[in-house]
Amino acid sequence: YISGIIIYLQTHFQTEAINIGAAMLLIAFISKAIFNSLYLWLMQKFLHHVYINLSLNLFYSYLRRPMSFFSNENSSLITKNLMSEVSTYVAALGLMIKLFTDILLFIGMFLLLIILQPLVAAIVIPIILSIGFGFHFSTSKFIKKIGHIRNKNLKLVYQYVSQGVGAIKEIKLYAREKLFLKIFN
């Protein structure tokens, strides 16, 4: 009789523990989703504000320049700066904010690991750090090279667009649409 009660209680407590664990996981995932949504909304709002301010400040700085600046400066570079560089900067700022929050989370997890399992932390931390530094050093030169190629190609694209917009009448007059489209593509 007593063994039957013990088996019933064990089964009941196991089922109850599974239900409590599942409920805790559900609450954790819902909380995480709410936190991520709020975090993304606030970050996008901040980045949009930065984008607007940078665009206006850059535009106003061009308006304050003397006329000689515009005769010496390529208009496609000005267009590129106004259209693309601000977006690139804001995107990079967003990635830096994300990196900063990930680093804080990473440090918090490692501190928790050091407190709870110091021996495991002494093994895991150097392995993860060496993998991270190895990845960084193996890819940084390649990423810089791609960045320079991107800037060079974007400058050409903006130059062609600027020339195309400025010369539409001449292109149409001389029926050179196909040639210009071939150059643009």
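Enquirer: Where do I start with the overall build of the protein chain in this structure?
Expert: Scanning the protein chain from N- to C-terminus turns up 6 helices and 0 strands. Starting at the N terminus and walking to the C terminus, you meet the elements of the protein chain as α-α-α-α-α-α. Counting only contacts in the protein chain whose residues sit at least 6 apart along the sequence, the fraction spanning at least 24 positions is 62%. Accessible surface, the protein chain: about 15,200 Å² in total, of which carbon and sulfur atoms supply 74%.

Enquirer: Help me understand the packing of aromatic side chains in this model?
Expert: Counted according to the given criterion, the structure contains 3 aromatic pairs. Consider the rings of Phe106 and Phe110, whose centres lie 4.4 Å apart with planes at 85 degrees: the pair is edge-to-face. Here Phe110 and Phe106 lie together in helix H3 (residues 75–116), a separation of 4 residues that amounts to about one turn. Of the residues examined, Phe106 reaches a relative accessible area of 33% and is grouped as partly exposed. Given a relative accessible area of 13%, Phe110 falls into the buried group. Here the aromatic rings of Phe133 and Phe137 are separated by 6.4 Å at their centres, their planes lie at 20 degrees, and the arrangement is stacked.

Enquirer: Please explain the nonpolar core as it appears in this structure.
Expert: Generally speaking, a soluble globular protein has its nonpolar side chains buried in company with each other. Formed by Met43, Leu47, Val50, Val86, Val90 and Leu93, the largest nonpolar core amounts to 6 residues. Secondary structure elements with two or more residues in this core: helix H1 (2–63) and H3. Once you skip the residues sitting within four places of it in the chain, Val90 turns out to touch Leu47, Val50, Tyr51 and Leu54.

Enquirer: I keep staring at the pattern of salt bridges and nothing clicks. Help me out?
Expert: Throughout the structure, instances matching the rule amount to 1 salt bridge. Here Lys98 and Asp102 are joined by a salt bridge, their closest N and O atoms 3.2 Å apart. In this pair, Lys98 and Asp102 both sit in helix H3, 4 residues apart, roughly one turn of the helix. A relative accessible area of 39% means that Lys98 is categorised as partly exposed.

Enquirer: What am I meant to see in the confidence of the model for the protein chain here?
Expert: Residues shown with low pLDDT carry predicted positions that ought not to be read at fine detail. Residues with a pLDDT of 70 or more make up 84% of the protein chain, whose mean pLDDT is 81. Looking at the elements of the protein chain, mean pLDDT is at its lowest for helix H5 (residues 168–173), recorded as 66, and at its highest for H3, recorded as 85.

Enquirer: So what exactly am I meant to see when it comes to a nonpolar patch on the surface here?
Expert: Side chains of Leu105, Phe106, Met109, Ile128, Leu129, Phe133 and Phe137 sit close together on the surface and give an oily, nonpolar patch of about 710 Å² of accessible area. Among the secondary structure elements, those contributing two or more residues to the nonpolar patch are H3 and helix H4 (118–166). Looking at the nonpolar patch element by element, the count peaks at 4 residues for H4.

Enquirer: Please clarify how the environment of Glu85 should be interpreted in this entry.
Expert: Within the element layout of this structure, Glu85 appears in helix H3. Between the C-alpha atom of Glu85 and that of Asn151, which follows or precedes it by 66 residues, the distance is 9.7 Å. Those residues in contact with Glu85, other than ones at most four positions away along the chain, are Lys80 and Asn151.

The rules behind each value
- Residues numbered from 1 in each chain as written.
- Predicted model: local features only at pLDDT ≥ 70, side-chain atom pairs only at ≥ 80, totals over all residues.
- Heavy atoms only, no water.
- Helix = DSSP H or I, 4+ residues; strand = E, 2+ residues; numbered from the N terminus.
- Contact = heavy atoms within 4.5 Å.
- Areas by Shrake-Rupley, 256 points an atom, 1.4 Å probe, with all protein chains shown as cover.
- Phe/Tyr/Trp six-rings, centres within 6.5 Å; stacked < 30°, edge-to-face > 60°.
- Buried < 20%, exposed > 50% of the residue type's maximum accessible area, 1.4 Å probe, protein only.
- Core = buried A, V, L, I, M, F, W, Y, C linked by side-chain atoms within 4.5 Å.
- Salt bridge = Lys/Arg side-chain N within 4 Å of Asp/Glu carboxyl O.
- pLDDT = per-residue confidence, 0-100.
- Patch = residues over 30% accessible without salt bridge, like charges linked within 9 Å, V, L, I, M, F, W, Y side chains within 5 Å.

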